[in-house]
Amino acid sequence: MAPLFLDEIGDISPAFQAKLLRVIQEGEMERVGSSQTLRVDVRVIAATNRDLEAAVDESLFREDLYYRLNVMPIFMPPLRERQEDIPDLARFLVEKIGKQQGRMLTITDGAIRLLMRHHWPGNVREMENCLERSAIMSANGVIAQDVIELSGLSLRGAGAAPISAPPRIELDAPDLDEREAGHCRAGTGRLECRQGGPAIGHDASPDRLPHSNPRHQDAATFRLRPQPTSMIPDIAR
């Protein structure tokens, strides 16, 4: 009995599902273009990332084929849920890629620690792609942390700490100095700011700023001219 591995079994068409069911259940098939029936003796191993039970409920997958395939199910959790497998898996993939490239490749512990911090939405295929790209970028055959970072992994990793938004200031808070309690309103074509002390705004020239004279500590109004989008600094966009 020979093993037959069928990947992405959840994506096969209804017509192929019927033919596969006949092969599994009856042990016979016909070759393409032939009318001769052949006997086959195979052990089918199927894999999918879809929920076949839900597909059966939605009539997208044959129920009889599902039960013929679901004899000994093996559930493989995603790579992000089994980080302890990443070091051995990374070394195995590096050795495999080295044989393909015809040279000796090694991976450092720092690179493995970086791999373990990544979320891996693409599972093992994404890791293999990352290591293959890193191997191409490594001139001496050593895949270090900086080489993996150059491949772009640290920019895409979900484990990186997100940039938090600046804290929101409540302008009506009683403990806020009234000179600091500026009221800014953004409108079409203008920006109005009322602030007690000196203010620096976009397109505000020094001669338009209030003097640091006690007489000018009351609220003052500044109207800033609208500017083209290309002239507005990136931080203001």
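Residues numbered from 1 in each chain as written. Predicted model: local features only at pLDDT ≥ 70, side-chain atom pairs only at ≥ 80, totals over all residues. Heavy atoms only, no water.

### Quick word on the overall build of the chain
Reasoning step 1: When helices and strands are counted, the chain shows 8 helices and 9 strands.
Reasoning step 2: For the chain, long-range pairs separated by at least 24 residues make up 57% of all intrachain contacts whose partners lie at least 6 apart in sequence.
Reasoning step 3: Split by element, the accessible area of the chain, about 17,300 Å² in all, is 54% carbon and sulfur. (Helix = DSSP H or I, 4+ residues; strand = E, 2+ residues; numbered from the N terminus. Contact = heavy atoms within 4.5 Å. Areas by Shrake-Rupley, 256 points an atom, 1.4 Å probe, with all protein chains shown as cover.)

### Notes on the side chain of Ser138
Reasoning step 1: When you line up the elements, Ser138 lands in the loop between helix H6 (123–137) and strand E6 (142–143).
Reasoning step 2: Among the residues examined, Ser138 registers a relative accessible area of 4% and is labelled buried.
Reasoning step 3: Once residues lying within four places of it in the same chain are set aside, the contact partners of Ser138 are Arg103, Ile143 and Val147. (Buried < 20%, exposed > 50% of the residue type's maximum accessible area, 1.4 Å probe, protein only.)

### Here's the deal with the environment of Thr106
Reasoning step 1: Here Thr106 is to be found in strand E5 (residues 106–107).
Reasoning step 2: Linking Thr106 and Asn140, residues 34 residues apart in sequence, is a C-alpha distance of 9.6 Å.
Reasoning step 3: Setting aside residues up to four positions removed in sequence, Thr106 forms contacts with Val94, Gly141, Val142 and Ile143.

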